[in-house]
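Coordinates in review
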Amino acid sequence: MHPDYEMVIGLEIHAQVNSKTKLFSGSSTTFGAEPNTQANIIDLAMPGVLPVLNTEAVDAGIKLGFALKARVNRKSVFSRKNYFYPDLPKGYQITQFELPIVEHGTLTIDFEDGSTKDIGITRMHLEEDAGKSVHDFGDENHSHVDLNRAGTPLMEIVSEPDLRTSEEAGIYVRKMRAILRFLDICDGNMDEGSMRCDVNVSVRKKGVTELGTRCEIKNVNSIRSVVKSIDYEASRQIDVIESGGEIAQQTRLWDEAKGTTRAMRSKEDAHDYRYFSDPDILPLCLTEERIEKIKQAMPELPDEMKARFITEYELTNYDASVLTLSRASASYYERTIEAEEGKKHDPKLCANWVTGELFGALNKMGKDITQSPVSPENLGELVGLIQDKTISGKIAKQVFEEMLETGGAPKKIVEEKGLVQITDVSALDGIVKDIIANNAETVEQYKSGNQRVMGFFVGQVMKQTQGKANPGIVNDLLRQNLQ
Amino acid sequence: MSIDIQTVNKLANLSKLEFDDTGKEEVRQKLNKIVEFISQLQEVDTENIEPMASTVHATSTREREDKVTEENHRDEFMANAPQTEMGFFVVPRVVE
């Protein structure tokens, strides 16, 4: 990234409501069904049919409104967005245009250094998805249309252009996905297309307040691609500007294989959607009673859970935010603390083990927390063993490796392998005295002020005890004996 | 406001319609008449009046329970289509 420039990024996320049926018809929304088996007369736009709104999708919208600390509009209106494409049988998409169900929200993103940033949410509206056109099937002069997806309910969430780096954009998408999953209104699977992302990127010289001309990137289907496509697009725009050119407002397509974006259409031939309110659907009016009922039933959300973890477990802001990115990891963590009856494991130590060793190992294996070979009960037990000084942190890592491989219980592993920590002061004192006696030269170095040779002595003790000596006691004994 | 030939071209393109030059001129004149007629509405003072999305004010739109009520009738729908293949509707190639 050129040091004189900054990026301005806004995101549009399409999140599929995990309802059983479509936004305006009783067709099933099950993923992966045989083509065109889940499209009925309404989805196919047969003459004379009328759309009837799915109440579940409306409730999902209200929930998301609360989660984004936004205004839930008591009245919203469905409009027709007109364009011609074979996977849109009606010739228009029913969406919300002037009066969306949700406006003016905020999403807080968390950084590794513990700081946070509020990203504005412009609006969230309900709309129906289009069908799917397949172009790489059969002969090359034809396209194949599957209308199973036509009419599937979507929530389109539009952010303000508040994001400044590709990293921020990645964190934003991850946080949004966490919220959708906590609310249980969208499964957030980007690879199945139930969460999709369009990225708006522009660049400007640092210190400039006006926005540069933006390009919209479509077809970005993973969080990694969000980050990569933004980095590519920003440097493309900077190159154009630096070589004296001008940015043309365009819709561009992300090419995952090549790692580049290419022009799809320019503003001149942009669609004119001729929006108007849909005469088939009355305005959606929400009663205070309905809104209040949903508000009362709101589950604990990532930010609230994070705040609770910080006060209840004294975790750092970042550890708490990492653990609350999914309900599964949060509950895994809480189970490690409560793993053994009548005993509470050190919450900070548990957090270190979950976010450090465990997440690291799972990442390497390409598994998520629900597939962890180490159960939270076993990890909690391991933390318990460190806490009551049965084993040292170093030995614990060895035990953990074994647990990853076998899924075994730490107490049993420690017992079988004879890894219990040596805390017997007199036994350790004997070993320390021996080592000091056999290394007169190094002792001299220490006494003449070279404190760093302390590490050598500790190493010798550990070698003799196969790493089982309690490091605290060894340090104390060495200091006493070297006086 | 009056409709020129460029606007007619744009509208024709958006509506996927094709006209020859005489046809375009005819459409242009007709559209101008319509716009002129509708323009009378501009005389009404709409200051502080909420835009109307529907003529029915009494209730909110109807909602339905999230329950699957439709079955698979693919074969019947496909019987009406000019071309189908392996459960897909087949259309002339469209790639944007």
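Residues numbered from 1 in each chain as written. Chains lettered and ligands numbered in written order. Predicted model: local features only at pLDDT ≥ 70, side-chain atom pairs only at ≥ 80, totals over all residues. Heavy atoms only, no water.

1. Observations concerning the pattern of salt bridges
Residue and element names in this part refer to chain A. Our working rule: Any Lys or Arg side-chain nitrogen located within 4 Å of an Asp or Glu carboxyl oxygen qualifies as a salt bridge. For helices the rule is a DSSP run of H or I covering at least 4 residues; for strands it is a run of E covering at least 2, with both sets numbered from the N terminus onward.
Counted under the stated rule, the structure contains 34 salt bridges over all chains. Note that E6 is salt-bridged to R204, the shortest N-O span being 2.9 Å. Placement of the pair is E6 in strand β1 (residues 5–16) and R204 in strand β12 (residues 195–205), with a sequence separation of 198 residues. Close ionic contact of E377 with R335 constitutes a salt bridge, the shortest N to O distance being 3.2 Å. Of this pair, E377 sits in helix α9 (residues 376–387) while R335 sits in helix α7 (residues 327–337), placing them 42 residues apart in sequence. Through salt bridges with shared partners, one network takes in K69, D110, K175, D303 and K306.

2. Structural notes on empty space enclosed by the protein
Residues and elements named next belong to chain A. To be explicit about the condition: Both cavities and pockets are sets of points on a 1 Å grid over the protein atoms alone; in a cavity a 1.4 Å probe fits but cannot get out, in a pocket the set is open with protein on both sides within 12 Å along at least five of seven lines, and lining residues sit with an atom within 4 Å of a point. Grid points are joined across faces, edges and corners, and a volume is the space filled by probe spheres set on the points. Each residue gets one of three labels, nonpolar for Ala, Val, Leu, Ile, Met, Phe, Trp, Tyr, Cys and Pro, charged for Asp, Glu, Lys and Arg, and polar for the others, Gly among them.
Applying the stated criterion to the full structure yields 1 cavity of 30 Å³ or more. Volume-wise, the largest cavity comes out at about 50 Å³. Lining the largest cavity, in full, are D43, D87, L88, P89, K90, E128, D129, A150 and G151. Classifying every residue of the lining of the largest cavity gives 3 nonpolar, 1 polar and 5 charged.

3. Observations concerning helix α8 (residues 347–365) of chain A
All names here are of chain A. We count it as follows: Multiplying 1.5 Å by the residue count of a helix minus one yields the expected span of that helix. The reported bend at a residue is simply the angle between two axes, fitted to the 7 residues ending at it and to the 7 residues beginning with it. Whether a residue is buried, partly exposed or exposed follows from its accessible area with a 1.4 Å probe, protein chains only, as a fraction of its type maximum: under 20%, in between, or over 50%, in that order. Any two residues whose heavy atoms approach within 4.5 Å are treated as being in contact. Here a polar contact is recorded for every N or O atom pair within 3.5 Å, except that within protein the pair must consist of a potential hydrogen donor and a potential acceptor, and residues adjacent in sequence are included only if both atoms are side-chain atoms.
Relative to the 27 Å expected for 19 residues at 1.5 Å per residue, α8 spans 25 Å between its end C-alpha atoms, a close match to the ideal helical length. In α8, a bend of some 35 degrees at F359 exceeds every other bend along the element. Within the span of α8, buried status applies to C350, A351, W353, V354, L358, A361 and L362. Those residues of α8 that are buried are in contact with α6 (317–323), α7, α9 and α10 (393–406). Its side-chain oxygen placed 3.1 Å from the backbone nitrogen of K348, D346 serves as the N-cap of α8. Following α8 by one or two positions, G366 has its phi on the positive side, about 70 degrees.

4. Structural notes on the nonpolar core
One recurring pattern in soluble globular proteins: nonpolar side chains tend to sit buried together. All names here are of chain A. Rules: Definition used in this section: a nonpolar core is a set of buried Ala, Val, Leu, Ile, Met, Phe, Trp, Tyr and Cys residues joined via side-chain atoms within 4.5 Å. Segment limits for the domains were obtained from an automatic or database-derived domain assignment.
Counting residues in hydrophobic clusters, the biggest one holds 100 residues, and the most contacted among them are L64, M155, I157, Y172, V173 and Y333. Tallying contributions element by element places helix α2 (residues 166–183) first for this core, with 9 residues. The two domains that each donate at least three residues to this core are domain 1 (5–295) and domain 2 (302–417). Each residue touching Y333, except ones within four places of it in the same chain, is listed here: F309, Y313, L315, L323, P347, C350, A351 and V354. Of all hydrophobic cores here, the second largest spans 18 residues; its members include V432, M454, F457 and V461.

5. What about the environment of R335 of chain A?
All names here are of chain A. Residue classification places R335 among the partly exposed residues on the basis of a relative accessible area of 43%. C-alpha separation for the pair R335 and K295, spaced 40 residues apart in sequence, amounts to 28 Å. Once residues lying within four places of it in the same chain are set aside, the contact partners of R335 are P376 and E377.

6. What about the confidence of the model for chain B?
Filter applied, for reference: In predicted models, pLDDT denotes the confidence assigned by the predictor to each residue on a 0 to 100 scale.
Chain-level statistics for chain B give a pLDDT mean of 88 and a share of 95% at 70 or above. Between the elements of chain B, mean pLDDT differs from a low of 87, seen in helix α1 (residues 5–14) of chain B, to a high of 96, seen in strand β1 (residues 63–64) of chain B.

7. Some thoughts on the sheet that holds strand β5 (residues 78–82) of chain A
All names here are of chain A. What counts is decided by this rule: Pairing between two strands is assigned when DSSP locates at least 2 bridges connecting them.
If you walk across this open sheet you meet the 3 strands as β6-β5-β16, and the pairing is antiparallel. In this open sheet, the two edge strands, each paired with only one partner strand, are β6 (92–96) and β16 (276–277). Two strands pair when backbone bridges link them, and β5 and β16 are joined in this way by 2 bridges, in the antiparallel orientation. From the neighbouring strand, R80 faces β16, where its bridge partner is F276.

8. A look at the sheet that holds strand β10 (residues 142–146) of chain A
Spatially, 4 strands are ordered β9(A)-β10(A)-β3(B)-β2(B) in an open sheet, and the strand pairing comes out antiparallel. Unpaired on one side and paired on the other, β9 (132–134) of chain A together with β2 (84–85) of chain B mark the two borders of the sheet. Pairing of β2 of chain B with strand β3 (residues 88–92) of chain B, which is carried by 2 bridges, proceeds in the antiparallel orientation. Counterpart to E85 of chain B in the pairing with β3 of chain B is F88 of chain B.

9. Looking at the interface of chain B and chain A
What counts, and what does not: Defined in terms of a 1.4 Å probe, buried area is the accessible area two parts forfeit on being brought together, summed over both.
Listed as interface residues are 37 residues of chain B and, on the opposing side, 52 residues of chain A. In this assembly, chain B packs against chain A so that about 4000 Å² is buried in total across both faces, 58% of it on carbon and sulfur atoms. The largest share of the area that chain B buries against chain A comes from R64, D66 and F88 of chain B, three residues that together contribute 18% of it. Between E50 of chain B and K75 of chain A there is a salt bridge; the shortest N-O distance is 3.2 Å. For the side of chain B that touches chain A, the secondary-structure elements that each account for two or more residues are α1, β1, α3 (74–79) and β3 of chain B.

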